[in-house]
Amino acid sequence: QVRLVESGGGLVQPGGSLRLSCAAFGIVFETNTLGWYRQTPGNQRELVASITSLGDITYADFVKGRFTISRDNAKLTVYLQMNNVKPEDTAVYYCKAEGKYTKSQRWGQGTQVTISS
């Protein structure tokens, strides 16, 4: 069964940090582009960061210098390190995998991140 399982969300104060993890099951992990997206009520999901099978990274402008995406192919896991978080970072964060050859897209169930004092 293909699954992406996010974890690490929670309640964090502005300026704080947290790390999101996404563990993959049932995919050829090393040939997938992996991404983190976020969504708030009434809005579309937006790209936060992505990393290709070759390690090329793309960040949304609003997280540059604050968030870091990384992948550990041996652990079949992609991470999002979130530093200096802001209230506007509050959202449900989703992990996405896309196969390089199949173009098949898989989504995790999401993890809630709330930034509040």
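A brief structural summary.

1. Description of the packing of aromatic side chains
Here is step 1 of the chain: All chains considered together, the criterion is met by one aromatic pair.
Here is step 2 of the chain: A centroid spacing of 5.0 Å and a plane angle of 65 degrees characterise the contact between Tyr37 and Trp107, whose relative ring orientation is edge-to-face. Note that Tyr37 is positioned in strand β4 (residues 32-39) and Trp107 in strand β10 (residues 105-107), a separation of 70 residues in sequence.
Here is step 3 of the chain: If you follow Arg45 out to its NZ or CZ, it ends over the ring of Tyr94, 3.5 Å from the centre.

2. What about unusual backbone geometry?
Here is step 1 of the chain: Here the phi dihedral of Leu76 falls at roughly 55 degrees; this positive angle occurs in a residue that is not glycine.
Here is step 2 of the chain: Tracing the backbone shows Leu76 in the loop between β7 (67-72) and β8 (77-82).
Here is step 3 of the chain: Judged by its relative accessible area of 33%, Leu76 is partly exposed.

3. Here we look at the sheet that holds strand β1 (residues 3-7)
Here is step 1 of the chain: Strand order across the open sheet formed by four strands is β1-β3-β8-β7, with antiparallel pairing between neighbours. Every interior strand has two partners, whereas the edge strands, β1 and β7, have only one. Averaged over all neighbouring strand pairs, the angle between strand axes comes to 15 degrees, with direction disregarded.
Here is step 2 of the chain: Two elements, β7 and β8, share six bridges in a ladder whose sense is antiparallel.

4. Things to note about the layout of surface pockets
Regions of empty space are outlined by a rolling probe, equal in size to a water molecule, passed over the atoms.
Here is step 1 of the chain: A volume near 190 Å³ is recorded for the largest pocket.
Here is step 2 of the chain: Residue lining of the largest pocket: Val2, Gly26, Ile27, Val28, Thr31, Asn32, Gly99, Lys100, Tyr101, Thr102, Ser104 and Arg106, and that is the complete set.
Here is step 3 of the chain: Here the residues of the lining of the largest pocket sort into four nonpolar, six polar and two charged.

5. A look at the nonpolar core
Here is step 1 of the chain: Membership of the largest hydrophobic core comes to 26 residues, with the highest contact counts inside it found for Trp36, Leu80, Met82 and Tyr93.
Here is step 2 of the chain: Contributions of two or more residues to this core are made by β3 (18-25), β4, β5 (46-51), β7, β8, β9 (91-99) and β11 (111-115).
Here is step 3 of the chain: Leaving out residues up to four positions away in the same chain, Leu80 has contacts with Leu18, Arg19, Leu20, Trp36, Val48, Ala49, Phe67, Thr68, Ile69 and Tyr93.

6. Overview of the side chain of Ser50
Here is step 1 of the chain: Structurally, Ser50 can be placed in strand β5.
Here is step 2 of the chain: With residues near it in sequence (within four places) discarded, Ser50 still touches Leu34, Gly35, Asp56, Ile57, Thr58 and Ile69.

7. Structural notes on the pairing of β11
Here is step 1 of the chain: Residues Thr111, Val113 and Ile115 line the buried face of β11, whereas the alternating positions Gln112 and Thr114 sit on a face that is not buried.
Here is step 2 of the chain: Where strand β2 (residues 10-12) and β11 come together, three bridges link them in parallel fashion. Each residue of the ladder has a partner; that of Val12, found in β11, is Ile115.

Calculation notes
- Residues numbered from 1 in each chain as written.
- Predicted model: local features only at pLDDT ≥ 70, side-chain atom pairs only at ≥ 80, totals over all residues.
- Heavy atoms only, no water.
- Phe/Tyr/Trp six-rings, centres within 6.5 Å; stacked < 30°, edge-to-face > 60°.
- Helix = DSSP H or I, 4+ residues; strand = E, 2+ residues; numbered from the N terminus.
- Lys NZ or Arg CZ within 6 Å of the ring centre and 35° of its normal.
- Buried < 20%, exposed > 50% of the residue type's maximum accessible area, 1.4 Å probe, protein only.
- Pairing = 2+ DSSP bridges.
- Axes fitted to C-alpha atoms, helices over the stretch in contact; angles between N-to-C directions.
- 1 Å grid on protein atoms, 1.4 Å probe; cavity = no way out; pocket = protein on both sides within 12 Å on 5 of 7 lines; lining within 4 Å.
- Points joined across faces, edges and corners; volume = space filled by probe spheres on them.
- Nonpolar A, V, L, I, M, F, W, Y, C, P; charged D, E, K, R; others polar.
- Core = buried A, V, L, I, M, F, W, Y, C linked by side-chain atoms within 4.5 Å.
- Contact = heavy atoms within 4.5 Å.

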